[in-house]
Amino acid sequence: MQIPSAPVDHSADRTAEKRELFITVNGKDQVLLVDPWVSLLDLLREHLDLTGTKKGCDHGQCGACTVLCDGKRILSCMTLAVMKNGSAITTIEGVGEPAALHPLQQAFIDHDAFQCGYCTPGQICSAIGLMNEGKARTREDVKELMSGNLCRCGANIGIIDAIMEVKTGGSNE
Ligand code: FES
Ligand code: FES
């Protein structure tokens, strides 16, 4: 006869598994002790209190969690924080100041490119990443390359208008 075993307490093991993480977030160096399974999204929101980055699907399907890692756009919900040891992360909090908005932030306002605003931080970080990539030449390219960022409010036309305005220096062609 098999004797049922007592529930095992893994909390001690979990503490032992924590990893030291060196990461720069919005220009500020951070040294953190994190569990290896913590996503970059949860690290930003729950450990660093940077709640501008949004959790939508938490499965890589909506783009709400987009941030910049060394200038490239990534989905922070699909990224383990420990994978980004030594990297420089930029969130929407690091993109502009209320008194000195990033041109994309201003263009989003000018073009009514949001309603509830939930997708907006991800849209703006993604648009900065798209411009850094330098691949999008036409409006159709921008639409295609921004298709990973969903907007439930249907503000897509304004979003593409805003990006095109900044990309083309105002001609919006
Ligand atoms: S929350 Fe990351 S893609 Fe949706
Ligand atoms: S503005 Fe509401 S989801 Fe995009």
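Residues numbered from 1 in each chain as written. Chains lettered and ligands numbered in written order. Predicted model: local features only at pLDDT ≥ 70, side-chain atom pairs only at ≥ 80, totals over all residues. Heavy atoms only, no water.

## Re the nonpolar core
Counting 23 residues, the largest nonpolar core has Leu104, Phe108, Ile124, Val142, Met146, Ile159 and Ile163 as the members making the most contacts within it. Listed in part, the 16 residues of the second largest apolar core include Val25, Leu40, Leu50 and Ile89. (Core = buried A, V, L, I, M, F, W, Y, C linked by side-chain atoms within 4.5 Å. Buried < 20%, exposed > 50% of the residue type's maximum accessible area, 1.4 Å probe, protein only.)

## Examining the pattern of salt bridges
Taken as a whole, this structure holds six salt bridges when the rule is applied. Close ionic contact of Lys55 with Asp42 constitutes a salt bridge, the shortest N to O distance being 2.9 Å. Of this pair, Lys55 sits in the loop between helix H2 (40–47) and strand S3 (66–69) while Asp42 sits in helix H2, and the two are 13 residues apart along the sequence. The partner of Arg73 in a salt bridge is Glu133, and the shortest N-O contact between them spans 2.8 Å. Taken together, the positions of Arg73 in strand S4 (residues 72–75) and Glu133 in helix H4 (residues 120–133) put the pair 60 residues apart, joining distant regions of the chain. Its relative accessible area of 33% is what places Glu133 among the partly exposed residues. (Salt bridge = Lys/Arg side-chain N within 4 Å of Asp/Glu carboxyl O. Helix = DSSP H or I, 4+ residues; strand = E, 2+ residues; numbered from the N terminus.)

## Describing the sheet that holds strand S5 (residues 88–90)
Remark on secondary structure: sheet strands pair via backbone hydrogen bonds, oriented parallel or antiparallel. Read from one edge to the other, the open sheet built from five strands follows the order S2-S1-S5-S3-S4, with strand pairing classed as mixed. Edge strands, defined here as strands with exactly one partner in the open sheet, are strand S2 (28–34) and S4. Mean inter-strand twist for the sheet, computed between neighbouring axes without regard to direction, equals 40 degrees. Judged from the two bridges that link them, S3 and S5 form a sheet pairing that is antiparallel. Looking at S5, one finds that Leu68 is bridged to Thr90. H2 contacts strand S1 (19–25), S2, S3, S4 and S5 of the sheet and is inclined by roughly 75 degrees relative to S1. Of the strands in this sheet, S3, S4 and S5 touch H4, which is tilted by about 40 degrees from S3. (Pairing = 2+ DSSP bridges. Axes fitted to C-alpha atoms, helices over the stretch in contact; angles between N-to-C directions. Contact = heavy atoms within 4.5 Å.)

## Points about the pairing of S1
For S1 and S2, the ladder comprises seven bridges, and the chain directions are antiparallel. Residue pairing across strands places Leu21 opposite Leu32, the latter belonging to S2. The antiparallel hairpin formed by S1 and S2 contains two residues in its connecting segment, where Asn26 sits at a positive phi of about 50 degrees. Relative to S5, S1 runs parallel, the two sharing two bridges. Of the residues in S5, the one forming a bridge with Val25 is Ile89.

## Regarding unusual backbone geometry
The backbone of Asp49 shows a phi angle near 60 degrees, a positive value even though the residue is not glycine. You can see Asp49 is positioned in the loop between H2 and S3. Phi at Asp112 takes a positive value of approximately 50 degrees, unusual for a residue other than glycine.

## A look at the side chain of Gln123
Structurally, Gln123 can be placed in helix H4. Among residues more than four places away in sequence, those in contact with Gln123 are Phe108, Met146, Asn149, Leu150, Cys151 and Ile159.

## Overview of the packing of H4 against helix H6 (residues 156–167)
Packed helices, taken two at a time, are described by the angle their axes make and the gap between the axes. Running from amino to carboxyl end, H4 crosses H6 at an angle of 40 degrees, the nearest separation of the two axes being 11 Å. On the basis of their axis angle, the class for H4 and H6 is oblique. Seen along the crossing, H4 lies across H6 with a hand that is right-handed. Only Ile159, Ile163, Val166 and Lys167 of H6 make contact with H4, whose side of the interface consists of Gln123, Ala127, Leu130 and Met131. When its residues are assigned to classes, the contact of H4 with H6 shows six nonpolar, one polar and one charged. (Parallel < 35°, antiparallel > 145°, perpendicular 65-115°, else oblique. Left-handed = near helix turned anticlockwise from the far one by under 90°. Nonpolar A, V, L, I, M, F, W, Y, C, P; charged D, E, K, R; others polar.)

Function-wise, these values are silent; they only describe arrangement.
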